[in-house]
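Okay, here's what each chain looks like letter by letter:
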Amino acid sequence: MKLVRTRQELAEIVTQWQREGEAIGLVPTMGSLHEGHLTLVRALDGKATRRIVTIFVNPIQFNNPDDFQLYPRGLDGDEALLAQTGLVDILYAPDETQIYPPGFSTRISVSGPDRMLCGADRPGHFDGVATIVNKLFMQTRADIAAFGEKDYQQLCVIRRMVTDLDLPITILPVPTVREADHLALSSRNKRLTPAQREQATHLPQALMNCLTALKAGKPASVSLEQCAQTLKEAGFTVHYLELRSEKSLAPVQKAKANTRLFVAASLGDIRLIDNMPVA
Ligand code: PAF
């Protein structure tokens, strides 16, 4: 695996790969890698002949400067973890100068899926995500890119952008990877204190109980209210807890196939998100 720090060097390598007819697979990340990211890399098996993982903590998708500063970082550890897999050709870890030239003033805004759920209380977040993802698609010239369903709304925003802008890339969705107690893997989990980590297990448990209630025919409004109450009692601040269509992300009143529960809830200043399909 080669560590590449500049877009110039990356361009030279991918130009050569394209000449040789390689299929380029991409896993965009913000580092602080865990098993969930490695699962994204493995998901490219048989779909790409070359694999690039990118690490860039993207300032323009953070609407809170403290959250950006506190975001866990550790390039050496990430590099070692990826190298051990033997599956990655390039780790592209640019600094800001390689991504945002002086005077950078363009934003990609995917209206619709970016205005609800996380978009409602993190204004500008999905513009920042769409903009950096588009730049990484351009710089890596990837044929296929893997994204985790843990960030389901992000996946919807990216799919919309790819369709709307005719981007020549396939988006590969990958199911959420969970700890033994069902907490979804996330780089933010590293910021939880041991006590908060124990509390955090209530999040997936509450969602699973809510799904059981919904499948047993309990009205969605009652099940969601009870679930939110359980989370509050467990010490969470609940930002949203909603049943929505998997396709359009529109709110739905009844649990049925192709609907999902979506939650964002904080423990202290650490915001966790999760989602689970009803079917
Ligand atoms: O999911 C993430 O880690 C980030 O939002 C992404 C897609 C790498 C863009 O910065």
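The structure under discussion appears in the preceding block.
This text gives an overview of the structure that appears in the document. All values reported here derive from a predicted model rather than from experimental measurement.

### Remarks on the site of the ligand
Item 1. Neighbouring the ligand are the residues Pro28, Thr29, Met30, Gln61, Ile132, Val133, Asp151 and Gln154.
Item 2. In this structure, an oxygen atom belonging to the ligand sits 2.6 Å away from a side-chain N or O atom of Gln61.
Item 3. Taking Gln154, its side chain carries an N or O atom lying 2.7 Å from an oxygen atom of the ligand.
Item 4. Coverage of the ligand by the protein amounts to 88% of the 290 Å² it exposes when considered alone.
Item 5. Secondary-structure elements contributing two or more residues to the shell around the ligand are strand S2 (24–29) and helix H7 (125–140).
Item 6. Its residues assigned to classes, the shell around the ligand shows 4 nonpolar, 3 polar and 1 charged.

### Details of H7
Item 1. In a regular helix each residue adds 1.5 Å, so 16 residues correspond to 22 Å; H7 covers 22 Å between its end C-alpha atoms and thus fits that length.
Item 2. Phi turns positive one or two residues past the end of H7, at Arg141, with a value near 50°.

### With respect to the packing of aromatic side chains
Item 1. Evaluation of the coordinates by the stated rule reveals 6 aromatic pairs.
Item 2. Here the aromatic residues Phe56, Tyr100 and Phe104 are joined through ring pairs into a cluster of three or more.
Item 3. Taking the ring centre of Phe68 as reference, the NZ or CZ of Arg73 above it sits at 4.8 Å.

### Let's talk about the nonpolar core
Item 1. Counting residues in hydrophobic clusters, the biggest one holds 44 residues, and the most contacted among them are Ile52, Phe137 and Ile171.
Item 2. Mapped by element, the contributors of at least two residues to this core are helix H1 (7–19), S2, strand S4 (90–92), helix H6 (117–121), H7, strand S5 (144–148), helix H8 (152–164) and strand S8 (259–267).
Item 3. Those residues in contact with Ile52 that lie beyond four places of it in its chain are Leu10, Val14, Trp17, Ile24, Gly25, Leu26, Val27, Ile90, Tyr92 and Thr140.
Item 4. Grouped together as the second largest cluster of nonpolar side chains are 27 residues, Leu183, Leu192, Leu224 and Leu261 included.

### Quick notes on the sheet that holds strand S7 (residues 237–245)
Item 1. As summarised here, the arrangement of the 3 strands in space is S7-S8-S9, forming an open sheet in which the pairing is antiparallel. Two strands bound the open sheet, and with one partner strand each, they are S7 and strand S9 (270–277). Recorded for the sheet is a direction-independent mean angle of 10° between the axes of neighbouring strands.

### Here's the deal with the sheet that holds S2
Item 1. Taken together, the 6 strands give an open sheet; going across it, the order is S1-S4-S3-S2-S5-S6, and neighbouring strands pair in parallel fashion. Edge positions in the sheet fall to strand S1 (2–4) and strand S6 (170–174), since each of these pairs with one other strand and no more. Strand-to-strand twist of the sheet, defined as the mean angle between neighbouring strand axes without regard to direction, takes the value 25°.
Item 2. Bridge count for S5 against S6 is 5 bridges, and the pairing is parallel. In the strand pairing of S6, Phe147 is matched with Pro173.
Item 3. Docked against the sheet, H8 engages S5 and S6, running at close to 165° with respect to S6.

### Side note on helix H10 (residues 202–215)
Item 1. Helix length check: H10 (14 residues) gives 20 Å between terminal C-alpha atoms against 20 Å at 1.5 Å per residue, within 8%.
Item 2. Those residues of H10 that fall on the buried side of the exposure criterion are Leu203, Pro204, Ala206, Leu207, Cys210, Leu211, Ala213 and Leu214.
Item 3. Buried residues in H10 make contact with helix H9 (194–200), helix H11 (220–233), S7, S8 and S9.
Item 4. One or two steps after H10, the chain reaches Gly217, where phi turns positive at roughly 100°.

### A short note on the pairing of strand S3 (residues 50–55)
Item 1. Counting buried positions over the 6 residues of S3 gives 5, a clear majority of the element.
Item 2. Across 6 bridges, S2 lies against S3 in parallel orientation. Residue pairing in the sheet places Thr29 in a bridge with Ile55 of S3.
Item 3. Where the polypeptide runs from S2 across helix H2 (residues 35–43) and back to S3, its parallel neighbour, the crossover connection is right-handed.
Item 4. The pairing of S3 with S4 spans 3 bridges and is parallel. Among the inter-strand pairings, Thr54 is bridged to a residue of S4, identified as Tyr92.

Cut-offs applied
Residues numbered from 1 in each chain as written. Predicted model: local features only at pLDDT ≥ 70, side-chain atom pairs only at ≥ 80, totals over all residues. Heavy atoms only, no water. Near = heavy atom within 4 Å. Polar contact = N/O pair within 3.5 Å; in protein donor to acceptor, adjacent residues only side chain to side chain. Areas by Shrake-Rupley, 256 points an atom, 1.4 Å probe, with all protein chains shown as cover. Helix = DSSP H or I, 4+ residues; strand = E, 2+ residues; numbered from the N terminus. Nonpolar A, V, L, I, M, F, W, Y, C, P; charged D, E, K, R; others polar. Expected span 1.5 Å × (residues − 1). Phe/Tyr/Trp six-rings, centres within 6.5 Å; stacked < 30°, edge-to-face > 60°. Lys NZ or Arg CZ within 6 Å of the ring centre and 35° of its normal. Core = buried A, V, L, I, M, F, W, Y, C linked by side-chain atoms within 4.5 Å. Buried < 20%, exposed > 50% of the residue type's maximum accessible area, 1.4 Å probe, protein only. Contact = heavy atoms within 4.5 Å. Pairing = 2+ DSSP bridges. Axes fitted to C-alpha atoms, helices over the stretch in contact; angles between N-to-C directions. Right-handed = clockwise from strand over helix to strand, strands pointing away.

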